[in-house]
Amino acid sequence: MRKQILFLFLASIVATTVHSQAKGTKVGYIDMEYILQNVPNYNEANIQLEQKAQKWKQEIEAKKIEINKLRETLNSEKPLLTKGLIEERESEIKFLENELLDFQQNRFGANGALMIQKSALTKPIQDQVFTAIQDIAEARNYDLIFDKSSDLTILFAAKKFDISDQVLRILNRAEKREKLTKKEIADEEELERKQEAIDDNPALAEKEKALEERKSVREQLIADRKLAQEAKKKEFEDRRAKILADREAKKNGTVSASDKKEDAKPINSSSPAKDSKTTAAEEAIKKQADAKAKTLEDRKKVLEDRKKAIEEKRLRTLQVRDSIKKAREEKLKPKQ
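One structure accompanies this document, and this report is about it.

About the thresholds
Residues numbered from 1 in each chain as written. Predicted model: local features only at pLDDT ≥ 70, side-chain atom pairs only at ≥ 80, totals over all residues. Heavy atoms only, no water. Helix = DSSP H or I, 4+ residues; strand = E, 2+ residues; numbered from the N terminus. Buried < 20%, exposed > 50% of the residue type's maximum accessible area, 1.4 Å probe, protein only. Contact = heavy atoms within 4.5 Å. Salt bridge = Lys/Arg side-chain N within 4 Å of Asp/Glu carboxyl O. Pairing = 2+ DSSP bridges. Phe/Tyr/Trp six-rings, centres within 6.5 Å; stacked < 30°, edge-to-face > 60°. Lys NZ or Arg CZ within 6 Å of the ring centre and 35° of its normal. Core = buried A, V, L, I, M, F, W, Y, C linked by side-chain atoms within 4.5 Å. Axes fitted to C-alpha atoms, helices over the stretch in contact; angles between N-to-C directions. Parallel < 35°, antiparallel > 145°, perpendicular 65-115°, else oblique. Left-handed = near helix turned anticlockwise from the far one by under 90°. Patch = residues over 30% accessible without salt bridge, like charges linked within 9 Å, V, L, I, M, F, W, Y side chains within 5 Å. Areas by Shrake-Rupley, 256 points an atom, 1.4 Å probe, with all protein chains shown as cover. Lys, Arg positive; Asp, Glu negative; His and termini not counted. Charge placed at Lys NZ, Arg CZ, Asp CG, Glu CD. Nonpolar A, V, L, I, M, F, W, Y, C, P; charged D, E, K, R; others polar. Expected span 1.5 Å × (residues − 1).

**Re the overall build of the chain**
Scanning the chain from N- to C-terminus turns up 10 helices and two strands. Going from the N terminus to the C terminus, the chain shows its helices and strands as α-β-α-α-α-α-β-α-α-α-α-α. Considering the chain as a whole, with its 336 residues, one finds that 19% of them fall into the buried category. Contacts spanning at least 24 positions in sequence make up 74% of the contacts within the chain whose residues lie at least 6 apart.

**Re the pattern of salt bridges**
Counted by the stated rule, this structure contains 10 salt bridges. When the shortest N-O distance is used, the salt bridge between Asp246 and Lys242 registers 3.3 Å. One end of the pair, Asp246, and the other, Lys242, are both in helix α8 (residues 202–252), four residues apart, so they sit about a helical turn from each other.

**Brief notes about the pairing of strand β1 (residues 27–30)**
The alternating pattern of β1 places Val27 and Tyr29 and Gly28 and Ile30 on opposite faces, both of which are buried. As paired elements, β1 and strand β2 (residues 144–147) share four bridges and run parallel to each other. From the neighbouring strand, Gly28 faces β2, where its bridge partner is Ile145.

**Notes on the packing of aromatic side chains**
With the rule as written, the count across this model stands at one aromatic pair. Taking 6.1 Å as the distance between ring centres and 85° as the angle between the ring planes, the aromatic pair formed by Trp56 and Phe108 counts as edge-to-face. Residue Trp56 is located in helix α3 (residues 40–77), and its partner Phe108 is located in helix α4 (residues 83–108); the two are separated by 52 residues in the primary sequence. Accessibility expressed as a relative area gives 30% for Phe108, which makes it partly exposed. Sitting over the face of the ring of Tyr142, Lys26 holds its NZ or CZ atom 4.7 Å from the ring centroid.

**A short note on the nonpolar core**
Most often, soluble globular proteins have nonpolar side chains that are buried together. Counting 18 residues, the largest nonpolar core has Ile30, Ile35, Val39, Val129 and Val167 as the members making the most contacts within it. For this core, the secondary-structure elements that each account for two or more residues are α2 (32–37), α5 (113–140) and α6 (164–177). Excluding anything up to four places from it in sequence, Val167 contacts Ile30, Ile35, Val129, Ala132, Ile133 and Ile136.

**Some points on the packing of α3 against α4**
Packed helix pairs are characterised by how far apart their axes lie and by the angle those axes make with each other. The geometry of α3 relative to α4 is characterised by a closest axis approach of 10 Å and an angle of 165° between their N-to-C directions. What the angle tells us is that α3 and α4 run roughly antiparallel. Between α3 and α4 the crossing geometry is left-handed.

**Some words on a negative patch on the surface**
A cluster of acidic residues, Glu66, Glu88, Glu92, Glu99 and Asp102, forms a negative patch at the surface. Here the negative patch takes four residues from α4, the largest share from any one element. Along the chain, Glu92 falls in helix α4.

**Notes on unusual backbone geometry**
Phi is positive for Asn141, which is not a glycine, with a value near 60°. Position of Asn141 relative to the elements: it lies in the loop between α5 and β2.

**Considerations on the packing of α3 against α5**
In contact at an axis separation of 11 Å, α3 and α5 are set at 180° when each is read in the N-to-C sense. Here α5 runs roughly antiparallel to α3, going by the angle between their axes. Between α3, through Tyr42, Ala45, Asn46, Leu49, Glu50, Lys52, Ala53 and Trp56, and α5, the contact on the second element is made entirely by Ala113, Leu114, Gln117, Lys118, Leu121, Thr122 and Ile125. Of the residues that constitute the contact of α3 with α5, the class distribution is nine nonpolar, three polar and three charged.

**With respect to α4**
Relative to the 38 Å expected for 26 residues at 1.5 Å per residue, α4 spans 37 Å between its end C-alpha atoms, a close match to the ideal helical length. Taken together, the buried positions of α4 are occupied by Ile86, Ile93, Leu96, Leu100 and Phe103. Those residues of α4 that are buried lie in contact with α3.

Okay, here's the thing in structure tokens:
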């Protein structure tokens, strides 16, 4: 019966949300766990709290081991002890067990030290999040904003309605601006305006993503060309240094190391300069082929990603249309 009531309640929420969307109501949601994980101060304090909890767990395990040892000792010595001594030791063990239960409750209970300290750690950040949500809702005309990580069950939530990153930007804005110059603050505000425009327009977000991918491919091509130019430059410098060394050796009447190597080689061996040129040409051809293959691969990946994004957008559009259609059919259906 409870499951049926819960299902009807969730169905009514979904129907209300779809109906609201059809009327133009703007709905969004946040993920409080995601926000907390990306707040540096919270992460540092949470690590310290976890370390403290681990220490308490170790103390509990040590007390358990001590109690088990006392009980094993009592069981082995029972035949040698009087009834009074046995009762005294059992009473001592019982006292230690009750003391252990109290310790566990005081540390990990519903009102224990861990929950109290975690609440004290989370509450200031939650207050900042709620303030940021109010600012976003007023500035961008949101009618409803849910918390995805709360007890409210959300069966499906499209990513475009997630404003968690916007809340994080507001939380980090004040801390960043204390360390920035006026020009950097102006640049940051311009970047935020662009980001908000992208958040409001999914099509613009996809276009921006495609531009970033093209920029990445172009930068990679430039980097590959630069590496090829540096390799050619190094090869030219090495060849020039070798020629100068040979000239200096002939001028001084000595034999250079390269000449010695040439003399040591068989007469029918190929010229080192020729081999060097051939190797350099082969390497240049190979690098060009690799760069071309990589460019084609990157273009193929960009096209696949764009095709995937278009398909996902088409599916989302169809889902929204089906939801609106069902909501209208439910609304037009005659009441029994």
